[in-house]
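Coordinate inspection notes
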Amino acid sequence: MENNHYIPKVARIINIKNEVEGARAIKTFRTQFAGDDGFTHACGQSAMLSVLGKGESMISISSSPIEAEYLQFSVLKTGRVTSALHEMKVGDMIGIRGPYGNGFPIDKWTGKNLIFIGGGIGLAPIWSVLQTALGKKSDYGNLTLIYGSRTSKDLVFKEELRGIKQEMAVHLSVDNEEDRWEEYVGFVPNNLLDKNPSPENAVAITCGPPIMIKFVIKNLQDLGFKDDQIYTTVENKMKCGIGICGRCNIGPHYVCKDGPIYSWAELKKLPQEY
Amino acid sequence: MEKILTKKALPQWLIKLNAYQIYAPVKKENHWSYEALDKPESIRLDHLNTIQSPKMIIFPQREVFFEFHNAEGNTLVMKEPASESSATVIFGVRPCDAAGVTHQDKVFDGHFKDLYYWKRRNQTILVGLACNTPPSPHCFCLSVGGSPHSTAGFDILMTELEDSYYVESFSKKGDTLISLAGDIFSTPKENDKKDKEKAHSDSEKKLKRHIKDLETVPPKLKDMFDSPLWEEESLSCIQCGICTYLCPTCHCFDINDEKDSSSPLSGKRVRTWDNCQFPDFTMHSSGHNPRPDRASRLRQRIMHKFNYFVTNYKAYQCTGCGRCIDKCPVGIDIIEVLEKVRDYGK
Ligand SMILES: Cc1cc2nc3c(=O)[nH]c(=O)nc-3n(C[C@H](O)[C@H](O)[C@H](O)COP(=O)(O)OP(=O)(O)OC[C@H]3O[C@@H](n4cnc5c(N)ncnc54)[C@H](O)[C@@H]3O)c2cc1C
Ligand code: SF4
Ligand code: FES
């Protein structure tokens, strides 16, 4: 029988971690499919999460495909569905359909230095590829993460960041001075200039608020990165996730199926507001 | 297969089709609309264009994707509703509306197939009526690759002659409909064929509206993203969404949950038509909206139909039915907008 793409598969929440508290709270959920009808994903793909009775939200899968036992999602509480997700407890059931989107072209990146540049919740979409690269470190050159948020409390994956510091270069930042903050103070794009990574044999992968992405790309270009060495993700409102509901287009592209990951060489050819 | 059916015999044909659900145009107070036809003898094919295209039958305005409830042991159950659709014949379809169905087919048959659409689509037989006179003063099918006697999308096309219909079938399904009432059809004579051809060529001359050189518009649109034209042309739009709801090609939809009970949880997930002319169509939950004003939304409507769709499917996403012109409450006229695009900067 052909697949009904609109009916989610049932999954159980097996773990919840509070990443960020407060008005813009972020929680990380791990889920396991209840049946044997689950799916495997590629780095950078997303899934539609259902809280039945509330609706669906597209969320990046932040776990690496190497971790096959669970899927991980980091969710910023912002509206109907994401708030309902934040109310849920371990053992509760959600619906998941996917995986959607094109994923990062990591096969093309073997042997290259990878520079990850993230802001706020924008670390989630690149976390799966970062973890995958760490898992197969010998396949890549140097790995660098430049990541920041407004305050140190708004950083996600705080524990994990401490862990990966042993294995790769991690440069954190916060927007304003804070007590006991020993790393960079300022915006992510400025921290990027400060760390001055070489474009030689490198690929830069960036995700975060649109304004951050804009300046990161500009600064990468100033550092000598070519348009096809820069990858970013695009966020648009989504419903179907499969290129039919007509909502998420930029020009003739449907971000849900043709994106959300584009090299700057591809993206700059598309309209800049949609 | 080509046949002649006398006008008098039309209801008899329908009687033979009693195994099918039949839709036909029905006259309401001040418009025509497709309705399930209970009495075959009430069929009339002298209709102007229906207020809605047969899109509403194949891709209904609201449809249940699945029902859900919370079951014993904290599990979720999601179940597709039992299928209620049966083999359906839609009579009297205008060529522009059948063309609209073929455009929707392209969208719902992409990399991901939409099974809900195809379940009904595969059971639907389209029996058309050529437009000997244009059913709307705003018809412009000839300009967008169609014609008043186009056969695209049809299983059967009927052309009205003096006392009869010239009936042409293009598919197995169409042949079956004819063979179910085989004895009431006769073989066309040479002059029937001539009459039909004359009706067809005359009908083309009766169309009042045309867009010259439309093929220059898609490449031109590529460089008009930031044009002030969109602002000028959209100033009067009140964002009612009529233009896109009534469009036989527009396919955008929303998906929402309708809760019947919170505890124990039960409800339905439903698809409903949505509309690119509404502000919240693209509004993120952060409040950011990549299409924040009327100008950007009119631009999307025109770009989608005459640039993006052309890029993706090599066809205009417009069939010239004229509904959006007829029914826009503030008189925004897609032909005029396209002409302005064509002539822009000249
Ligand atoms: C490819 C992609 C990956 C994403 N990854 C993440 C992630 O890893 N973590 C995270 O916290 N958020 C992510 N988002 C954003 C997330 O989808 C929205 O914040 C979320 O859908 C808001 O839903 P809501 O019901 O809480 O908000 P409401 O404002 O109540 O939204 C109602 C509905 O509109 C749609 N919608 C509204 N805003 C957005 C939006 N910005 N993007 C997509 N759909 C939207 C959803 O269907 C949502 O259910 C991602 C978005 C995209 C497009
Ligand atoms: S029908 Fe006219 S007023 Fe209504 S949304 Fe369309 S263009 Fe605007
Ligand atoms: S979310 Fe429906 S087309 Fe992309």
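If you're wondering where the values come from, they're calculated on a predicted model, not measured in any experiment. Each residue is numbered by its place in its chain's sequence as written, counting from 1. Going through the entries in the order they are written, you letter the chains from A and number the ligands from 1. Local features in this predicted model are restricted to residues whose pLDDT is 70 or higher, and side-chain atom pairs enter the listing and the counts only when it is 80 or higher, whereas totals over whole chains, interfaces and linings include all residues. Calculated side-chain values reflect all of the structure's heavy atoms, with hydrogen atoms and water omitted.

**So, the site of ligand 2**
- Near ligand 2 the following residues occur: C237(B), I238(B), Q239(B), C240(B), G241(B), I242(B), C243(B), Q277(B), C328(B), P329(B), V330(B) and I332(B).
- In the scheme used here, Gly and all other residues not listed as nonpolar or charged are polar, with Ala, Val, Leu, Ile, Met, Phe, Trp, Tyr, Cys and Pro taken as nonpolar and Asp, Glu, Lys and Arg as charged. Residues of the shell around ligand 2, tallied by class, amount to nine nonpolar, three polar and no charged. Nearness of a residue to a molecule or strand requires only that one of the residue's heavy atoms be within 4 Å of it.

**Some details on the domain arrangement of chain A**
Residues and elements named next belong to chain A.
- Taken domain by domain, chain A comprises domain 1 (9-100) and domain 2 (106-233).
- As annotated, the domain borders come from an automatic or database domain assignment. If you average the C-alpha positions of domain 1 and of domain 2, the two centres end up 24 Å apart.
- Contact criterion: two residues are considered in contact whenever any of their non-hydrogen atoms come within 4.5 Å of each other. At the interface, 19 residues of domain 1 touch 19 residues of domain 2.
- Regarding the contact of domain 1 and domain 2, the summed buried area is about 1,300 Å², with carbon and sulfur atoms giving 62% of it.
- One side-chain nitrogen of Lys or Arg within 4 Å of one carboxyl oxygen of Asp or Glu is enough to make a salt bridge. Counting across the interface, domain 1 meets domain 2 through one salt bridge. A simple way to read buried area is as the amount of 1.4 Å-probe accessible surface that goes missing from two parts once joined, with both sides added.

**So, the packing of aromatic side chains**
- To pair, rings of Phe, Tyr and Trp, with the six-membered ring standing in for Trp, must have centres within 6.5 Å; the planes then decide the type, stacked if under 30 degrees apart, edge-to-face if over 60, and tilted in the middle. Applying the stated criterion across every chain yields a total of 21 aromatic pairs over all chains.
- Centroid distance W109(A) to Y231(A): 5.1 Å. Interplanar angle 65 degrees. Geometry classified as edge-to-face. Placement of W109(A) in the loop between strand 6 (93-100) and strand 7 (113-119) and of Y231(A) in strand 12 (residues 230-233) is noted, with a sequence separation of 122 residues between them. No difference in accessibility class separates W109(A) from Y231(A), as the two residues are buried.
- Here F306(B) and Y316(B) contribute two aromatic rings whose centre-to-centre distance is 5.6 Å and whose plane-to-plane angle is 45 degrees, an arrangement assigned as tilted. Taken together, the positions of F306(B) in helix 10 (residues 294-313) and Y316(B) in the loop between helix 10 and helix 11 (323-327) put the pair 10 residues apart, joining distant regions of the chain. Counting from the N terminus, the helices are the DSSP runs of H or I reaching at least four residues and the strands are the DSSP runs of E reaching at least two. Each residue is assigned to one of three classes by its accessible area relative to the maximum for its type, calculated with a 1.4 Å probe on protein chains only: buried under 20%, partly exposed between the two thresholds, exposed over 50%.

**Concerning the interface of chain B and chain A**
- Taken residue by residue, the interface counts 44 residues in chain B and 41 residues in chain A.
- On the chain B side of the interface with chain A, the three residues burying the most area are L76(B), M78(B) and F112(B), jointly 17% of the side's total.
- Taking the shortest distance from any N to any O, the salt bridge between D254(B) and R247(A) comes out at 3.9 Å.
- Any N or O atom pair separated by 3.5 Å or less is treated as a polar contact, with the protein-specific requirement of one donor-capable and one acceptor-capable atom, and with residues adjacent in sequence counted only for side-chain atom pairs. The tally of links between chain B and chain A comes to 21 residue pairs in polar contact (both at pLDDT 80 or more).
- Secondary-structure elements contributing two or more residues to the side of chain B that touches chain A are strand 4 (62-71), strand 5 (75-79), helix 3 (95-108), helix 4 (115-121), strand 10 (253-262), strand 11 (265-273) and helix 10 of chain B.

**Some details on the site of ligand 1**
- What surrounds ligand 1 is a group of 23 residues, the closest being E56(A), M58(A), T82(A), E235(A) and S285(B).
- Here S60(A) contributes a side-chain N or O atom positioned 3.0 Å from a nitrogen atom of ligand 1.
- About the coverage of ligand 1: the protein hides 89% of its 830 Å² of free accessible area.
- Sorting the residues of the shell around ligand 1 by element identifies strand 4 (55-60), strand 5 (71-76) and helix 1 (80-87) of chain A as the ones contributing at least two each.
- Element by element, the count of residues in the shell around ligand 1 is highest for strand 4 of chain A, at five residues. Computed with a 1.4 Å probe, the accessible areas rest on the Shrake-Rupley method; for each residue, only the protein chains presented here act as cover.

**Some remarks on the environment of G322(B)**
- Here G322(B) is to be found in the loop between helix 10 and helix 11.
- G322(B) has contacts with H138(B) and F140(B), leaving out every residue within four places of it along the chain.

**A few points about the side chain of T132(A)**
- With respect to the helices and strands, T132(A) occurs in helix 2 (residues 123-135).
- Ignoring sequence-local partners within four residues, the contact set of T132(A) consists of C43(A), S64(A), P65(A), I66(A) and I106(A).

**Topic: the side chain of S169(B)**
All names here are of chain B.
- With respect to the secondary-structure elements, S169 resides in strand 9 (residues 164-169).
- At 3.2 Å, the side chain of S169 forms a polar contact with the backbone oxygen of S171.
- Among residues more than four places away in sequence, those in contact with S169 are M1, D155, I156, G174, D175 and I178.

**What about the sheet that holds strand 8 (residues 143-149) of chain A?**
Residues and elements named next belong to chain A.
- Strands qualify as paired when DSSP identifies two bridges or more between them. A sheet is described by the order of its strands in space; here seven strands give the open sequence 10-9-8-7-11-12-15, paired in mixed fashion. The open sheet has two edge strands, strand 10 (184-185) and strand 15 (261-263), and neither has a second partner.
- Strand direction decides the pairing type here: strand 7 and strand 8, joined by six bridges, are parallel. The residue of strand 8 that forms the bridge with L114 is L143.
- An axis is simply a line fitted to the C-alpha atoms; with a helix, the fit covers only the stretch in contact. Between two such axes, the angle follows the N-to-C directions and lies from 0 to 180 degrees. Running over the sheet, helix 2 touches strand 7, strand 8 and strand 11 (202-207) and is turned about 155 degrees from strand 7.

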